[in-house]
Amino acid sequence: MNSSAKERRIGLRYGNENGTEHSLQSSLNDSLEGEIQAFLTDEDKLHTYDDLTKINPVTTTTVLKCLQARYKAKVFYTHAGCSLVALNPFQPMPHLYRQDVMKQYHFAPQPQELKPHIFIMAEEAYRNVQGQLEPVNQSLVVSGESGAGKTWTSRCLMKYYASVAASSSVTKSQGTVEKIERRVLDSNPLMEAFGNACTLRNNNSSRFGKYIQLQLDRNQLLVGASVQTYLLEKTRVACQPANERNFHIFYQMMKGATEEQRKEWKMLHGQHFAWLPKTEKEIEEDCIHETLEAMGHLGIDKERQRQIFMVLAGLLQLGNVNVSSSVDESQTWDIEKESKDFLEKAAELLCVPFDELWECLRVRTLKAGKQSILKPCSQAECRLRRDCLAKVTYARLFEWLVKLVNKSISADKSMWCNFIGILDVYGFECFQKNLLEQLCINYANEKLQQHFVAHYLRAQQDEYVSEGLQWSFVKYQDNQSCLDLIEGSPSIFSLLNETSRLNRTPDAKTLRVRLEMELCNNTHISWNKFSNVPHFTVAHYAGQVDYHLEGMVEKNKDPVPPELISLLQKSENVLLREIFINRDTDRLIAKDLNKITVVSKFKNSLENLMKILNTTTPHYTRCIKPNRGCRPLTFKKKEVLMQLTACGIVETIHISAAGFPIRIPFRSFVRRYGLRAKHSGFRFFLLCPSVNSDLQQQVEQLLCEASPSNDTGHNSWGHCGRTKVFLTQSMLDLLEHRRKKILSQCAFTVQCCWLRHQRRKRQTQQRSATLIQAAVRSWLVRRKVRRYHRAAVVIQNSWRRWKDLLKSLAESEIDDVEDLTEANMSSVNFIGGQASVQLPTLQEPVTVRGWPVGLALASAASVIVSLTPTDFQKMISMISSLNLQSTKEKYRVETNQYTKDLASIRAQPRIQGSVKLHFQQSPLLHADMRPDFKSDITGFNEILLERISSFQNTKERLH
């Protein structure tokens, strides 16, 4: 709280005791006016105040001026202490709700440092769930007048959580996550189509209340959702206020049906329906394709959709049925000729017999003991029964849709542990003619306002005093007395229920007299004695509202003729028969029909809602409607001022600016932030003591170390009470920042140790792997070398055996030169190099033998042979296989064994003499077929030449 505002409140508090109240009041007013004028002088900076607690001084004028400046600058969200103020721009602003904007707020270290946005409230609730701050479950309460933008805000919150909490999954596949996200988002347009309508104040006004629980698992991931609804305005089906429309789904059918669907629904082009006024008005919500797509995603197949639209079309046809006037009330009414066709169509669409439907609408059954008496209905009663049939059918269909949506999107209880609730209820309403529906709606808003007052205003100030904080109270408007008027004893609800349970015709004047007698001492109710219309006026927190008593008792009874229920239970429409066969409900209606009223059911459901809200951490968003006409970017000061005063924004700012919105018990504070003591220089014991004073000492020690001033006694950011520690949002952000820093350091240390361990382990594994690899490679090399050695030995042995075999074969084939006798070789001369053979003149011819002739001749450069004519004939047979080129007195001999595939030429060393030719089948295949003296002689030619050499040596010895 700023010093000037605090001094003013202290002066007002003690002014009467000093006897100078008037002088103090005038001086304070003068100083306040001066401060306001000084603050409003620089209007160019008013739009920069993103938190209204920063305004000095905090008055209605300064708050209104700041909101107007921000609205003019197209800034629609502003912090108001612990709550958020949202101004409706009445035009699309898609850049504010893009996917990248959601990620920006979600991944921001401190979202409060960013511009005010509805995503900040959503992220704060989500981080509370992640941080497990008690209470863990969160509730986002969106309140405001009709048309202030509550439905759009709730839709943005659902999109944010569907994007943030389902963007990645650890336990589920991405397809499953996208399916859950799609179903959660599709439940919203389906509920709006069947539960919203166009009113004078809003084109998409919620005619029912809903509390959506987004179910989160232990990893804070979205696994499902559930919807709880409150008080559907079912009377709108059969009775629409002036210049307002029916539910959106009927207009979607009229404007989006195909030709085939129109024939099936019996809707002709240009046909007028009495229950569909203002069909010429075009709004965004009249698109049926989005509703059909949502039905498909939620598991409603084509056949179920056909059954739903058949029922809705039957209700529209039923609204065109008119009752002809009858002179004698004791006689049953007769249907008009024009209406008979509509009734037949309605019976056909509802799949019930026409005669039975007609009979149920004009005749009622009375029970006298065990006997049943049929009594004709009057014209008003017939219309009432017709409307009752339409209302109960639509209400049961809506309940069935809610159950189906919950079945489709809700997760099993074992799968989720926490939830974030989004409350979207009807706003405060005040029309020219307010009935029972407006009384219940305004009663719900009174309960929510009382919850806000109890949680943020009264509870905080009472807790400050009980905890020993020095506090000067801020006055605020408490609506508890108004709630006692509506729900207390005696109250409007109790007297209305008593009148509804009487077995007599309800009378509005009698009810008014009863209210005047019982509630005359309550200052929040009044009556206009000069008015002829029975009514009463209630002073709500948002203003006075006149309620008409005519028809209120009958609506509170909400009678449902049993014959109508029996008729619909026999319908051939499977869906219609299913939604009306409920044994528990039917048995309850038959047994305690008079005890169940509309206000009693609504009160019980609202009490259950408040129990849920009381067990969660609430986050309030105040939606403000800048003008009544819903014109874009138009700011009406008077209308905004009324809403700010009604919801207590100024008082909230005062308490938030002066107080400590964060309150944490000692044990929770030490458990969460005590880890800082391990990383600081002061002495601190983290053991949880049993003595509360020791806990307080620990908390003070932590605050002293963490506070910028390092002075607990004069710390403006935190205060240590008796059992709790009180912190500002800045102090909490500072503690969280330091805690995250410590956790990051610890995580870094753990990571370093783990990486060092991993590196050492990896190095050890590498060394072990190297040793193993070296041993394996050594063993493989040794094994390979041994195998090579064995193979070499085998090859050598085989080669030697093969060589010996060839040698033995050659030796056996080649004739030994030892067979030559000295006598036979006495006349043969071999000369190496020129290898000439000269034959002496002998008495007998001498046969010239050369072995082997081919190789011998081929190895010589030239051979000169001199023969006698007698010996030439014998020699020619030997050299017939040689290519001899004739020269003068010489023969040049060249072997043809290579070109003619001759292996060798052998001569038998016998006296008779013969030539033996060996071809490639010879065992001497590997012999060098063309030996050269210049090169080394190898192979079997070497053997043959050695034979030749030994032969020459033998011949020389002989000579």
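Residues numbered from 1 in each chain as written. Predicted model: local features only at pLDDT ≥ 70, side-chain atom pairs only at ≥ 80, totals over all residues. Heavy atoms only, no water.

J.: Provide a residue-level description of the overall build of the protein chain, including the pertinent values.
T.: The secondary structure content of the protein chain amounts to 31 helices and 21 strands. Taking as baseline every contact in the protein chain between residues at least 6 positions apart, the subset at least 24 positions apart corresponds to 68%. Total accessible area computed for the protein chain in this model is approximately 49,900 Å², and 52% of it derives from carbon and sulfur atoms. (Helix = DSSP H or I, 4+ residues; strand = E, 2+ residues; numbered from the N terminus. Contact = heavy atoms within 4.5 Å. Areas by Shrake-Rupley, 256 points an atom, 1.4 Å probe, with all protein chains shown as cover.)

J.: Let's hear about the nonpolar core: which residues, and what values?
T.: Within the largest apolar cluster, 132 residues are counted, with the highest numbers of intra-cluster contacts made by Tyr161, Phe194, Phe250, Ile308, Leu312 and Tyr394. It is helix α14 (residues 379-409) that provides the largest number of residues to this core, a total of 12 residues. With residues near it in sequence (within four places) discarded, Phe250 still touches Val237, Leu276, Leu312, Leu316 and Tyr394. Counting 56 residues, the second largest nonpolar core, distinct from the first, contains Tyr426, Phe428, Val545 and Tyr620. (Core = buried A, V, L, I, M, F, W, Y, C linked by side-chain atoms within 4.5 Å. Buried < 20%, exposed > 50% of the residue type's maximum accessible area, 1.4 Å probe, protein only.)

J.: Now, about the packing of aromatic side chains: what can you tell me, with residues and values included?
T.: Scanning the entire structure with this criterion turns up 21 aromatic pairs. On the basis of an interplanar angle of 70° and a centroid distance of 4.9 Å, the ring pair of Phe452 and Tyr620 is categorised as edge-to-face. One end of the pair, Phe452, is in helix α15 (residues 436-466); the other, Tyr620, is in strand β14 (residues 617-624), with 168 residues separating them in the sequence. In this pair, the class of Phe452 matches that of Tyr620, namely buried. Three or more aromatic residues joined by ring pairs form one cluster here, namely Tyr97, Tyr105, Phe119, Tyr126, Trp152, Tyr160 and Tyr161. (Phe/Tyr/Trp six-rings, centres within 6.5 Å; stacked < 30°, edge-to-face > 60°.)

J.: I'd like to hear about the packing of α15 against helix α16 (residues 480-487), residue by residue, with values.
T.: Where α15 meets α16, the closest approach of the two axes is 10 Å, and the angle between their N-to-C directions is 145°. Both α15 and α16 take part in a crossing whose hand is left-handed. Each of Tyr443, Glu446, Lys447 and Gln450 in α15 lies in contact with α16, whose residues at this interface are Gln480, Cys482, Leu483, Ile486 and Glu487. Looking at the contact of α15 with α16 residue by residue, the class counts come to four nonpolar, two polar and three charged. (Axes fitted to C-alpha atoms, helices over the stretch in contact; angles between N-to-C directions. Left-handed = near helix turned anticlockwise from the far one by under 90°. Nonpolar A, V, L, I, M, F, W, Y, C, P; charged D, E, K, R; others polar.)

J.: I'd love a proper account of the pattern of salt bridges, names of residues and values included.
T.: Scanning the model with the defined rule gives 25 salt bridges in all. Residues Arg207 and Glu429 are paired through a salt bridge, measuring 2.7 Å at the closest nitrogen-oxygen approach. Of the two residues, Arg207 sits in the loop between β5 (205-206) and β6 (209-216) while Glu429 sits in the loop between β10 (418-424) and α15, which places them 222 residues apart along the sequence. Since its relative accessible area comes to 1%, Glu429 is described here as buried. For Asp558, the salt bridge identified is with Lys234, shortest N-O distance 2.6 Å. (Salt bridge = Lys/Arg side-chain N within 4 Å of Asp/Glu carboxyl O.)

J.: Any chance you could break down the pairing of β14 for me, citing the residues and the numbers?
T.: With seven of its eight residues buried, β14 lies for the most part within the structure. In the sheet, strand β2 (residues 83-87) pairs with β14 via four bridges, with the strands oriented parallel. Bridge pairing in β14 places Leu84 opposite Thr621. Direction of pairing for strand β3 (residues 138-144) relative to β14: parallel, over a ladder of seven bridges. (Pairing = 2+ DSSP bridges.)

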